[in-house]
Amino acid sequence: MRGLRSRILRTLQSFPVAATAQSGLLLPSPVAARKPPPNGEEAGAAERREAGTDMPTVSDGDKENLSPEVAPRKAKKMRVSLGPEDEGPGAGAGEAAACYRRPDPATATLFDPELLAAFRGAVDAYARALEEARGRDDEYDIDDVCGVAGGGVADEDPLAGFKYRCPPGGERAVVLYTTSLHGVRKTFEDCACVRRLLEGLRVAFLERDVSMHAQYRDELRALLLDLDAAVPVPPRLFVDGRYVGGADEVVTMHEQSRLRPVLRRAPRRGAGEAACAVCGGAWFVVCGACSGSHRLYDAAAASSGSGDRVPCPGCNENGLVPCPLCS
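Because the structure is a prediction, the values reported are computed rather than measured. (Residues numbered from 1 in each chain as written. Predicted model: local features only at pLDDT ≥ 70, side-chain atom pairs only at ≥ 80, totals over all residues. Heavy atoms only, no water.)

## Digging into the overall build of the protein
Thinking step 1. When helices and strands are tallied, the protein shows 10 helices and 8 strands.
Thinking step 2. Here the protein, with 327 residues, has 24% of them falling under the buried criterion.
Thinking step 3. Sequence-distant contacts, at least 24 apart, represent 64% of the contacts inside the protein between residues at least 6 apart.
Thinking step 4. Accessible area for the protein stands at about 23,700 Å²; split by element, carbon and sulfur atoms hold 56% of it. (Helix = DSSP H or I, 4+ residues; strand = E, 2+ residues; numbered from the N terminus. Buried < 20%, exposed > 50% of the residue type's maximum accessible area, 1.4 Å probe, protein only. Contact = heavy atoms within 4.5 Å. Areas by Shrake-Rupley, 256 points an atom, 1.4 Å probe, with all protein chains shown as cover.)

Encoded structure:
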């Protein structure tokens with residue numbers, strides 16, 4: 001059995017030799033396929049091999065395995081001007097070499113003093129222009145506006161023609177009664193329109209939402225009870241204790257350029273001024289005593305059998321209190 005295995009192995013090993021001998025073909029060796037360079041090119045080939053740019057020579061029969069020759073990239077050299085002594089006859093050939101000046105390490109700063117002075121001057125000019133713009137916004141020229149409005153006199157009070165209807169705390173303020181309910185679409189859109197007009201004029205006003213606080217609704221009814229037989233519908237605008245009107249009157253005055261003179265003494269908001277940090281512009285915060293439930297536990301009421309909950313005296317019917325910072 002062992003002799004049979006060795007005989008089969010010898011037979012298999014003899015196949016390539018026999019096939020090569022019968023065909024009479026001799027495979028060229030890789031070393032023989034390369035043609036030696038001429039004697040004059042040996043030194044150049046050695047230099048190219050040392051520089052890493054020499055490409056291996058492959059026989060013509062192996063062209064399909066030959067990679068395309070790639071020309072080596074040449075490194076770009078940037079010429080740096082070291083001073084006037086470095087500028088020779090060829091210095092005028094390129095202006096890029098003269099645009100860079102090597103900094104002097106002996107100076108206090110490595111930056112160009114002229115460039116720093118120009119930058120500082122630009123910053124100062126921008127700061128002055130910004131201060132002038134803020135000053136123009138704060139000092140509103142009412143004379144020009146009255147002239148554009150249609151023949152108004154500078155000394156004439158634009159609020160003289162409006163009736164005196166002063167809401168609580170509105171002697172020197174702009175008070176706008178609005179509603180945030182979406183029940184009547186026109187009423188909600190009118191409130192949003194007047195609010196956008198005042199915000200566009202950068203007027204600081206007090207917004208009193210009658211749907212969030214019943215006391216504001218009672219104030220509005222008491223102010224306009226003799227003017228309207230029905231319940232007054234917001235929005236209603238009051239400036240310095242004078243009743244200006246509703247949405248139609250305010251929009252008409254704005255279109256006729258008569259609204260800004262009326263608001264000339266109103267406090268103004270700064271550009272980009274953020275909303276109140278306490279209420280976020282909602283004018284109300286949740287009551288801290290009842291946590292917005294408008295109910296408090298009362299032990300005396302519970303013992304009498306009338307219930308253990310009583311209305312919270314510190315908040316309104318919605319469990320809210322006016323913002324202590326902006327209301």
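## Looking at the packing of helix H6 (residues 185-200) against helix H8 (residues 247-255)
Thinking step 1. The interhelical angle for the contact between H6 and H8, taken along N-to-C directions, is 35°, at an axis separation of 10 Å. Considering only the axes of H6 and H8, their crossing is left-handed. Contacts from Asp190, Cys193, Val194 and Leu197 in H6 reach Ala247, Val250, Val251 and His254 in H8.
Thinking step 2. Residues that form the contact of H6 with H8 fall into these classes: 6 nonpolar, 1 polar and 1 charged. (Axes fitted to C-alpha atoms, helices over the stretch in contact; angles between N-to-C directions. Left-handed = near helix turned anticlockwise from the far one by under 90°. Nonpolar A, V, L, I, M, F, W, Y, C, P; charged D, E, K, R; others polar.)

## With respect to the state of the cysteines
Put plainly, two cysteines are in a disulfide when a covalent bond ties their sulfur atoms together.
Thinking step 1. Taken as a whole, this structure holds 0 disulfides when the rule is applied.
Thinking step 2. Summary of cysteine pairing: cysteine 326 is not part of a disulfide, and the nearest cysteine sulfur, belonging to cysteine 279, is at 3.4 Å.
Thinking step 3. On the basis of relative accessible area, cysteine 326 is assigned to the partly exposed category, the value being 21%. (Disulfide = S-S within 2.5 Å.)

## Regarding the pairing of strand S4 (residues 242-245)
Thinking step 1. Note: strand S3 (residues 236-239) against S4, 3 bridges, orientation antiparallel. Within S4, the residue paired with phenylalanine 238 across the bridge is tyrosine 243.
Thinking step 2. Between S3 and S4, which pair antiparallel in sequence order, lie 2 residues; one of them, aspartate 240, sits at a positive phi of approximately 55°. (Pairing = 2+ DSSP bridges.)

## Brief notes about the nonpolar core
Thinking step 1. Val174, Leu237, Val239, Val244, Val250, Val262 and Leu263 are the most contacted members of the largest nonpolar core, which totals 20 residues.
Thinking step 2. Filtering out sequence-adjacent residues up to four positions away, valine 239 remains in contact with Leu159, Ala173, Val174, Val244, Val262 and Leu263.
Thinking step 3. Counting 12 residues, the second largest nonpolar core, distinct from the first, contains Tyr216, Phe238, Tyr243 and Leu320. (Core = buried A, V, L, I, M, F, W, Y, C linked by side-chain atoms within 4.5 Å.)

## A word on the environment of leucine 223
Thinking step 1. Take leucine 223: it is sitting in helix H7 (residues 214-223).
Thinking step 2. For the pair leucine 223 and cysteine 166, spaced 57 residues apart in sequence, the C-alpha separation works out to 7.7 Å.

## Observations concerning a nonpolar patch on the surface
Thinking step 1. Side chains of Leu4, Ile8, Leu9 and Leu12 sit close together on the surface and give an oily, nonpolar patch of about 370 Å² of accessible area.
Thinking step 2. Tracing the backbone through its elements, the reader meets isoleucine 8 in helix H1 (residues 2-23). (Patch = residues over 30% accessible without salt bridge, like charges linked within 9 Å, V, L, I, M, F, W, Y side chains within 5 Å. Salt bridge = Lys/Arg side-chain N within 4 Å of Asp/Glu carboxyl O.)

## A closer look at the pairing of strand S1 (residues 174-178)
Thinking step 1. Burial runs high along S1: 5 of the 5 residues are buried.
Thinking step 2. Residues Val174, Leu176 and Thr178 line one face of S1 and the alternating positions Val175 and Tyr177 line the opposite face, and both faces are buried.
Thinking step 3. Note: S1 against S3, 4 bridges, orientation antiparallel. Looking across to S3, one finds that leucine 176 is bridged to leucine 237.

## Details of the packing of aromatic side chains
Thinking step 1. This model, assessed by the stated rule, comprises 3 aromatic pairs.
Thinking step 2. Summarising the aromatic geometry, the rings of tyrosine 177 and phenylalanine 238 are spaced 5.7 Å apart at their centres and angled 80° between planes, so their arrangement reads as edge-to-face. Taken together, the residues tyrosine 177 in strand S1 and phenylalanine 238 in strand S3 connect sequence positions 61 residues apart. When sorted by exposure, tyrosine 177 lands in the same class as phenylalanine 238, which is buried. (Phe/Tyr/Trp six-rings, centres within 6.5 Å; stacked < 30°, edge-to-face > 60°.)

## Let's talk about the pattern of salt bridges
When charged atoms on two side chains of opposite charge get close, those side chains can pair.
Thinking step 1. Evaluation of the coordinates by the stated rule reveals 6 salt bridges.
Thinking step 2. Between glutamate 207 and arginine 195 there is a salt bridge, and its shortest N-O distance comes to 2.9 Å. With a gap of 12 residues between them, glutamate 207 in strand S2 (residues 206-209) and arginine 195 in helix H6 connect regions that are remote in the sequence.
Thinking step 3. Among the residues examined, glutamate 207 registers a relative accessible area of 14% and is labelled buried.
Thinking step 4. Across the salt bridge formed by arginine 265 and aspartate 240, the nearest N and O atoms sit 3.7 Å from each other. You can see arginine 265 sitting in the loop between helix H9 (259-262) and strand S5 (284-286) and its partner aspartate 240 sitting in the loop between S3 and S4, a full 25 residues away along the chain.
Thinking step 5. Given the relative accessible area of 42%, arginine 265 is considered partly exposed.

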